[in-house]
Amino acid sequence: NDDERVILVSSDCHEFIIAKKAASISPTLKAMLDSSFQESKSNQIQLPDIDSQLMDVIVEYMYYNLKYKDDPSKAPKFDIPIEMLLEVLVAADYLNI
Amino acid sequence: AAALLNKQEYKLPSLQDLCIQLVSKHIDNIDELGEVGFGNLSKISMALSKNRSLNTRTAKLFFHSDLKELNLYDCSNVGNDALRLIGSYCPNIESLNLNMCGQLHSDTLLYFATNLKNLHSISLNGCFLIDDTAWNTFFETINTRLKRFDIKNTHRFGNDSLVSLIKNCGESLQELTLSRLDGLTDPTAFQILGSDLHKLELLELSYPNKEEFITNELIISILANNGSTLTSLNLDGCSGLGDSFLINGIRPFCSILTSLSLRYLDLITDEGVCKLFSKWDLNAGLMHLDLQKCVSLGDTALVEILTHSADYLITLNINSVYEITSDFWAVLKYVKLNLLTSLNAGFVRSMNDSTIEFLGRSCPNLSLLEVYGANKCTSKAIIRKGLTVIGRQSDSI
């Protein structure tokens, strides 16, 4: 179902409501949503290591990936704030994106 | 091949790729990258290593003057010059762990020994450029400052190096790991481990070049002198060992041993293990036991182990101990393993769905159960809350 939504909850308790398709870009989140884990029923995932500022970048990337993965030649440059690079790297490693 | 290249050219970069590109680009202005706690540095090092992106440039990220511990998980692409910088940029390093450090030169190692005044713990995997002479000078320089020495996968750490290590640093050594060292070819060199190492708590002698180098007599003589201080012993892959070292080495001398790993010891038998554990009052109990691929063991040995250590066991690995039958699992219905958190029962074919179910009850703290290759474990098993079962054929990723 294309309209399905999931909620990602950041460490500072902000809720990010995004398309399940976008969240599924991350194999880590996809596994949580597909399997018999609790998250698949509630459609809500707690990410206690990721704060809301960081989540902004992550969510933006997941939509960016969703939009351009089939036609990467059209993709514009994706910007990451330099001062957040290392934090983004650790989070991206966890989410495997 | 052209198509493949084209495809690569247009592939959308992952977020990790993007970060790593930018990190390399901005590496010379590290301050711009913002504050990262030392706790995160290790995670970043892991992420870069996993992407095979730890190199001469990105390694600089980790060099801080007040850093005490440094772990670089994949140094394949980190040049000797960059590694040498550790010696000048991180003077306060106490513990250094370099994995796959094939580019590490002798002069750099010696530079560490002289410049890093607080270095007491070193762990090197794959440092095959460092030869006997350099090791000797290193041990002479670092002397009794060395508390932990961990070396794996090099053929250049030879007999003389081992002798020099023990002569110079033996007095202070608390942890010693010698694994997959094909340069140790003289059985008499190993004898030096039987000298007094008063502080030794952890000893790993694993995967020797030839199984006949590590004999029962050798282990018994090492334990006779040093067994009383040992808390952890690992003899994985020393497949020349038989029951004798269990009965005459471990049993009489290892009073405070809590962790024992004996992978691939196919000569140890039920009889030997029973003689070790039966009424072993000297030792209170083992917390970690690894018997993977000890293929001659069966139910009797395991029952005797539980009789001795059931109240203490935290992790147990009986992967590929094929002979374990339902009789053993039946015993577990009456014995509670209160502390057990992790059990690897891969390829133990007597495991089945009902075993999984009652293991959940008799091991209240069990959180991880591995059952790879145990094909009677199916999706129908009833699994207690908080227990993760992995390796069933029905589990898809």
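Residues numbered from 1 in each chain as written. Chains lettered and ligands numbered in written order. Predicted model: local features only at pLDDT ≥ 70, side-chain atom pairs only at ≥ 80, totals over all residues. Heavy atoms only, no water.

**Some thoughts on the overall build of chain B**
Then, in step 1: Across its full length, chain B carries 14 helices and 13 strands.
Then, in step 2: Reported as C-alpha extents along the three principal axes, the dimensions of chain B are approximately 65 × 55 × 40 Å.
Then, in step 3: In chain B, of all internal contacts separated by at least 6 residues, the share reaching a separation of at least 24 is 77%.
Then, in step 4: Looking at chain B as shown, the accessible area adds up to about 17,500 Å², and 50% of this sits on carbon and sulfur atoms.
Then, in step 5: For chain B, the separation between the mean place of its 34 positive charges and that of its 43 negative charges on side chains is 7 Å. (Helix = DSSP H or I, 4+ residues; strand = E, 2+ residues; numbered from the N terminus. Contact = heavy atoms within 4.5 Å. Areas by Shrake-Rupley, 256 points an atom, 1.4 Å probe, with all protein chains shown as cover. Lys, Arg positive; Asp, Glu negative; His and termini not counted. Charge placed at Lys NZ, Arg CZ, Asp CG, Glu CD.)

**What to know about the overall build of chain A**
Then, in step 1: A count of helices and strands for chain A gives five helices and three strands.
Then, in step 2: Secondary structure elements of chain A, listed N to C terminal, follow the sequence β-β-α-α-α-β-α-α.
Then, in step 3: Over its C-alpha atoms chain A spans a radius of gyration of 13 Å, differing by no more than 12% from the 13 Å that the globule rule assigns to 97 residues.
Then, in step 4: Its C-alpha atoms put chain A at 35 × 30 × 20 Å along the principal axes.
Then, in step 5: For chain A, contacts bridging at least 24 residues in sequence account for 60% of all contacts bridging at least 6.
Then, in step 6: Total accessible area computed for chain A in this model is approximately 5,200 Å², and 47% of it derives from carbon and sulfur atoms.
Then, in step 7: Positive and negative side-chain charges in chain A, numbering 9 and 17 respectively, have mean positions lying 10 Å apart. (Rg over C-alpha atoms; globule rule 2.2 N^0.38 Å.)

**Re the layout of surface pockets**
Then, in step 1: There is about 290 Å³ of room inside the second largest pocket.
Then, in step 2: Lining the second largest pocket are 15 residues, with Asp49, Val90 and Ala91 of chain A together with Asn40 and Lys43 of chain B positioned closest to its centre.
Then, in step 3: Elements with a minimum of two residues in the lining of the second largest pocket: helix H5 (85–95) of chain A together with helix H3 (38–50) of chain B.
Then, in step 4: Of the residues forming the lining of the second largest pocket, the biggest block, six residues, is contributed by H5 of chain A.
Then, in step 5: Class assignment of the residues belonging to the lining of the second largest pocket gives a composition of eight nonpolar, one polar and six charged. (1 Å grid on protein atoms, 1.4 Å probe; cavity = no way out; pocket = protein on both sides within 12 Å on 5 of 7 lines; lining within 4 Å. Points joined across faces, edges and corners; volume = space filled by probe spheres on them. Nonpolar A, V, L, I, M, F, W, Y, C, P; charged D, E, K, R; others polar.)

**Some remarks on the interface of chain A and chain B**
How big an interface is tends to be stated in terms of the accessible area lost upon association of its parts.
Then, in step 1: Taken residue by residue, the interface counts 22 residues in chain A and 23 residues in chain B.
Then, in step 2: Where chain A abuts chain B, roughly 2,100 Å² becomes buried across the two surfaces, and 78% of that area is made up of carbon and sulfur atoms.
Then, in step 3: Where chain A touches chain B, the interface holds one salt bridge.
Then, in step 4: A salt bridge links Lys50 of chain B to Asp93 of chain A; its shortest N-O distance comes to 3.0 Å.
Then, in step 5: Between chain A and chain B we count five residue pairs in polar contact (both at pLDDT 80 or more) in total.
Then, in step 6: Looking at the side of chain A that touches chain B, the elements with two or more residues in it are helix H4 (52–68) and H5 of chain A. (Buried area = accessible area lost by both parts, 1.4 Å probe. Salt bridge = Lys/Arg side-chain N within 4 Å of Asp/Glu carboxyl O. Polar contact = N/O pair within 3.5 Å; in protein donor to acceptor, adjacent residues only side chain to side chain.)

**Quick look at the nonpolar core**
Then, in step 1: Of all hydrophobic cores here, the largest spans 161 residues; its most connected members are Phe149 and Trp329 of chain B.
Then, in step 2: Here this core gets nine residues from one element, more than from any other, and that element is H4 of chain A.
Then, in step 3: In this view, Phe149 of chain B contacts Ile122, Trp135, Phe138, Phe139, Phe157, Leu165, Leu173, Glu175, Leu176 and Thr177 of chain B; residues no more than four positions away in its chain are not counted. (Core = buried A, V, L, I, M, F, W, Y, C linked by side-chain atoms within 4.5 Å. Buried < 20%, exposed > 50% of the residue type's maximum accessible area, 1.4 Å probe, protein only.)

**Here we look at the pattern of salt bridges**
All names here are of chain B.
Then, in step 1: Tallied over the entire structure, the rule returns 10 salt bridges over all chains.
Then, in step 2: In this structure, Asp150 and Arg148 form a salt bridge, with 3.9 Å as the shortest nitrogen-oxygen distance.
Then, in step 3: According to the relative accessible area criterion, Asp150 is buried, its value standing at 12%.

**A look at the packing of helix H11 (residues 270–277) of chain B against helix H12 (residues 299–309) of chain B**
All names here are of chain B.
Then, in step 1: Axis separation between H11 and H12 bottoms out at 8 Å; the angle between their running directions is 10°. Of the possible angle classes, the one that applies to H11 and H12 is roughly parallel. Considering only the axes of H11 and H12, their crossing is left-handed. Residues Asp270, Val273, Cys274 and Phe277 of H11 pack against Asp299, Thr300, Ala301, Glu304, Ile305, His308 and Ser309 of H12.
Then, in step 2: In the contact of H11 with H12, the residues fall into five nonpolar, three polar and three charged. (Axes fitted to C-alpha atoms, helices over the stretch in contact; angles between N-to-C directions. Parallel < 35°, antiparallel > 145°, perpendicular 65-115°, else oblique. Left-handed = near helix turned anticlockwise from the far one by under 90°.)

**Description of the confidence of the model for chain A**
Then, in step 1: On average, chain A scores 87 in pLDDT, and the residues at 70 or more come to 95%.
Then, in step 2: Taken element by element, the predicted model of chain A shows its lowest mean pLDDT in helix H3 (residues 38–42) of chain A (75) and its highest in strand S2 (residues 15–19) of chain A (93). (pLDDT = per-residue confidence, 0-100.)

**What to know about H12 of chain B**
Then, in step 1: For H12 of chain B, the full list of buried residues reads Asp299, Ala301, Leu302, Ile305, Leu306, His308 and Ser309 of chain B.
Then, in step 2: Contact partners of the buried residues in H12 of chain B: H11, strand S9 (288–290) and helix H13 (326–331) of chain B.

**Let's talk about helix H7 (residues 159–169) of chain B**
Then, in step 1: Extensive coverage of H7 of chain B is indicated by the burial of eight of its 11 residues.
Then, in step 2: Lining the buried residues of H7 of chain B we find helix H6 (132–142), strand S4 (148–152), strand S5 (175–179) and helix H8 (187–190) of chain B.

**Re empty space enclosed by the protein**
All names here are of chain B.
Then, in step 1: For the structure on display, the rule yields three cavities of 30 Å³ or more.
Then, in step 2: A volume near 70 Å³ is recorded for the largest cavity.
Then, in step 3: Together, 13 residues line the largest cavity, and Leu178, Leu184, Phe190, Ser206 and Pro208 are the ones closest to its centre.
Then, in step 4: For the lining of the largest cavity, the residue count by class is nine nonpolar, three polar and one charged.

**Comments concerning the packing of aromatic side chains**
In this description, an aromatic ring pair is defined by two values, namely the gap between the centres and the angle between the planes.
Residues and elements named next belong to chain B.
Then, in step 1: Under the counting rule described, the total for this entry stands at 16 aromatic pairs over all chains.
Then, in step 2: Ring geometry for Trp135 and Phe139: centres 5.7 Å apart, planes at 15°, overall stacked. Residue Trp135 and its partner Phe139 are located together in helix H6, separated by four residues, close to a single helical turn. Summarising the burial analysis for this pair, Trp135 and Phe139 share the class buried.
Then, in step 3: A ring pair is formed by Phe139 and Phe149, whose centres lie 5.2 Å apart and whose planes are at 80°; its orientation type is edge-to-face. With Phe139 in helix H6 and Phe149 in strand S4, this pair connects stretches of sequence that are 10 residues apart.
Then, in step 4: Owing to a relative accessible area of 1%, Phe149 belongs among the buried residues under this scheme.
Then, in step 5: By way of ring pairs, the aromatic residues Trp135, Phe138, Phe139, Phe149 and Phe157 are connected into one cluster.
Then, in step 6: Taking the ring centre of Tyr207 as reference, the NZ or CZ of Arg180 above it sits at 3.9 Å. (Phe/Tyr/Trp six-rings, centres within 6.5 Å; stacked < 30°, edge-to-face > 60°. Lys NZ or Arg CZ within 6 Å of the ring centre and 35° of its normal.)

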